[in-house]
Amino acid sequence: SIPFLANKMQRNYGEDHQPYNEPYGDLVPFGDPNWYRGYTSPFYKKTHSDFRLKCRSFVEKEILPFVHEWDESKTIPKEIYVKTYKAGILPGVVGKPWREELTDGIQPPPDFDYFHELILFDEFARCGSGGVLWGLLEGVHIGLPPVLNFGSEELRRRVGSPVLQGKSIICLCITEPYAGSDVANIRCEAKKDPTGRFYTVTGEKKWITNGIWADYFTVAVRTGGKGSSGISLLVIEKSMKGVDCKRMDCMGVWASGTTFVTFDEVRVPVENLIGNENEGFKYIMHNFNHERWGFVVQANRFARVCYKEAFTYAHRRRTFGQRLIDHAVIRHKLAEMIRQIEATHNLLENITYQMNTLSEEQKPKMLAGITALAKVQATKVFEFCAREAAQIFGGASYVRGGQGEKVERLYRDVRAYAIPGGSEEIMLDFGVRDSMKQFSRL
């Protein structure tokens, strides 16, 4: 046992103190964001504290006991989607506003904002499995917002309602075997037939999260000429003839349903076009900022999980007659993890505040570059912490299951965060190019 875990932190609060600043959780130092540990914060209110409790209670009961089983079986039970919806959580993964008109009476937390969504992903990421997190939440998080933000009212209701209620599954289909971060050069083609009522879609998509069990596919297709100006977004349905999905066996995120999708002359009604023809690239870029922000939340919590697992293990494990934590080299590793995790989380909260307060016109101009750089920061910290935690665990981190289970699994998941959504190299370059663009306007 670790003595400080049993200690209650006693404080005298003034009359104006809000309950959300009271210590929450097991209080492992730096094992949670600092507002859990009693630090005051300008970002969180009681509505956030209440939502945190809801998410943690759900994860403790419905997710954590089954993570190893789901990851090993590479699947998520369908009923868990509906449970997440009924708990009042699933609709929160698409950001604000909460789509009350599509959630059949499930109400949002009071004053729902992006800090609620941050809490949602942060709490679910405590499961220590990118596969489970992506299998349950990521398809909705990245696949549905283009429909909700740019689709017709009919399309929003037809697709958005069953997905937000956990009855159907959606995925985002951008990446191809020959076009990853280079979105403007996708080849998947959609030709409008002579009647003007249908598109015929032919092409391939690769590394598609949730694709193997998706009912809907938000697909980037080429409807015009070369480059970004010829791209559109279509919703393709699994039931349409010519859709074929093959599961891909990957290094990590096993339960996420990574899929190779083939569209063989699939007839798609024009009503399934998202927004305007040949404006899909703009919608994709809009979606990327929210997607990359989600990567930052997840990757930094995974880094924190690695740290926390290593910190507590170092208090239990004894070598050379003393606890691991009593070795200076181990404390140094833990200190390096802490400083990077805390710095990243502060950057994350800053960006989240801007997402809440900037206008819709300002957000893409002001947040694209810093969000891209934040993604790199978070994934590099995640990779560092996974490695250092594995070193502290030693052989226990090389075994699937047991004491080092989370660290072993997260070590395999690192690349799934460093590459998708814009590889680190592309994001670093984009961040500087965005700064150059802003500088040229001064």
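Use the structure listed above.
What you see is a predicted model, and the numbers here were worked out from it, not measured in a lab.

S.K.: Outline the layout of surface pockets, supporting the account with residue identities and numerical values.
M.R.: Any empty space left between atoms is shown by rolling a water-sized probe over those atoms. A volume near 360 Å³ is recorded for the second largest pocket. Taken together, 19 residues line the second largest pocket, and the ones lying closest to its centre are Y114, H286, H290, E360 and K363. At the level of elements, helix 7 (145-150), helix 9 (280-316), helix 10 (328-357) and helix 11 (362-393) are the ones that each hand at least two residues to the lining of the second largest pocket. Per-element tally for the lining of the second largest pocket: the top contributor is helix 9, with 5 residues. Classifying every residue of the lining of the second largest pocket by side-chain character gives 9 nonpolar, 6 polar and 4 charged.

S.K.: Outline the environment of I231, listing residues and values.
M.R.: Structurally, I231 is set in strand 5 (residues 231-237). In this structure, the C-alpha to C-alpha distance between I231 and F121, residues 110 residues apart in sequence, is 30 Å. Leave out the neighbours within four places in its chain, and I231 touches V183, A184, I186, A220, V221, R222, T223, N278, E279, G280, F281 and I284.

S.K.: Let's hear about the packing of aromatic side chains: which residues, and what values?
M.R.: Going through the model one piece at a time under the given rule, you end up with 21 aromatic pairs. Consider the rings of F43 and F115, whose centres lie 5.0 Å apart with planes at 20°: the pair is stacked. With F43 in the loop between helix 1 (3-6) and helix 2 (46-63) and F115 in helix 5 (residues 114-124), this pair connects stretches of sequence that are 72 residues apart. Relative to F382, the ring of F302 lies with its centre 5.6 Å away and its plane at 40°, an arrangement referred to as tilted. Of the two residues, F302 sits in helix 9 while F382 sits in helix 11, which places them 80 residues apart along the sequence. The two residues F302 and F382 agree in class, both being buried.

S.K.: Lay out empty space enclosed by the protein with the relevant residues and their values.
M.R.: Enumeration according to the criterion identifies 2 cavities of 30 Å³ or more in this entry. If you go around the largest cavity, the residues you meet are K74, R247, M248, D249, C250, G252, V253, W254 and T258. In the lining of the largest cavity, the residues fall into 4 nonpolar, 2 polar and 3 charged. The wall of the second largest cavity is formed by P146, L172, I174, L233, Y283, I284, N287, F288 and E291. With 5 residues, helix 9 is the single largest residue contributor to the lining of the second largest cavity. In terms of residue class, the lining of the second largest cavity is built from 7 nonpolar, 1 polar and 1 charged.

S.K.: Describe unusual backbone geometry, naming the residues involved and giving the relevant values.
M.R.: Between K96 and P97 the backbone carries a cis peptide bond, its omega angle lying at 0°. Considering the arrangement of structural elements, one finds P97 in the loop between helix 4 (79-86) and helix 5. Non-glycine residue D104 carries a positive phi angle of around 50°. Relative to the assigned elements, D104 resides in the loop between helix 4 and helix 5. Within the chain, N278 stands out as a residue other than glycine whose phi angle is a positive 70°.

S.K.: Just give me the short version of the nonpolar core, but keep the residues and values in it.
M.R.: Counting residues in hydrophobic clusters, the biggest one holds 128 residues, and the most contacted among them are I63, F124, V201 and F217. The element contributing the most residues to this core is helix 9, with 17 residues. Setting aside anything within four residues of it in sequence, one finds I63 in contact with F58, W70, I80, F124, C127, V132 and L136.

S.K.: I'd like a rundown of helix 4, residues and numbers included.
M.R.: Listed in full, the buried residues belonging to helix 4 are I80, Y81, T84 and Y85. Viewed along the axis of helix 4, the buried residues span an arc of 145°, placing them on a single side of the element. In helix 4, those exposed residues whose orientation departs by more than 90 degrees from the buried face are E79 and K86. Buried residues along helix 4 sit against helix 2, helix 3 (67-73), helix 5, helix 6 (130-143) and helix 8 (153-164). At the C-terminal side of helix 4, G88 shows a positive phi close to 80°.

Calculation notes
Residues numbered from 1 in each chain as written. Predicted model: local features only at pLDDT ≥ 70, side-chain atom pairs only at ≥ 80, totals over all residues. Heavy atoms only, no water. 1 Å grid on protein atoms, 1.4 Å probe; cavity = no way out; pocket = protein on both sides within 12 Å on 5 of 7 lines; lining within 4 Å. Points joined across faces, edges and corners; volume = space filled by probe spheres on them. Helix = DSSP H or I, 4+ residues; strand = E, 2+ residues; numbered from the N terminus. Nonpolar A, V, L, I, M, F, W, Y, C, P; charged D, E, K, R; others polar. Contact = heavy atoms within 4.5 Å. Phe/Tyr/Trp six-rings, centres within 6.5 Å; stacked < 30°, edge-to-face > 60°. Buried < 20%, exposed > 50% of the residue type's maximum accessible area, 1.4 Å probe, protein only. Core = buried A, V, L, I, M, F, W, Y, C linked by side-chain atoms within 4.5 Å. Arc of directions from axis to C-beta.

Any functional reading would require information that these geometric values do not contain.
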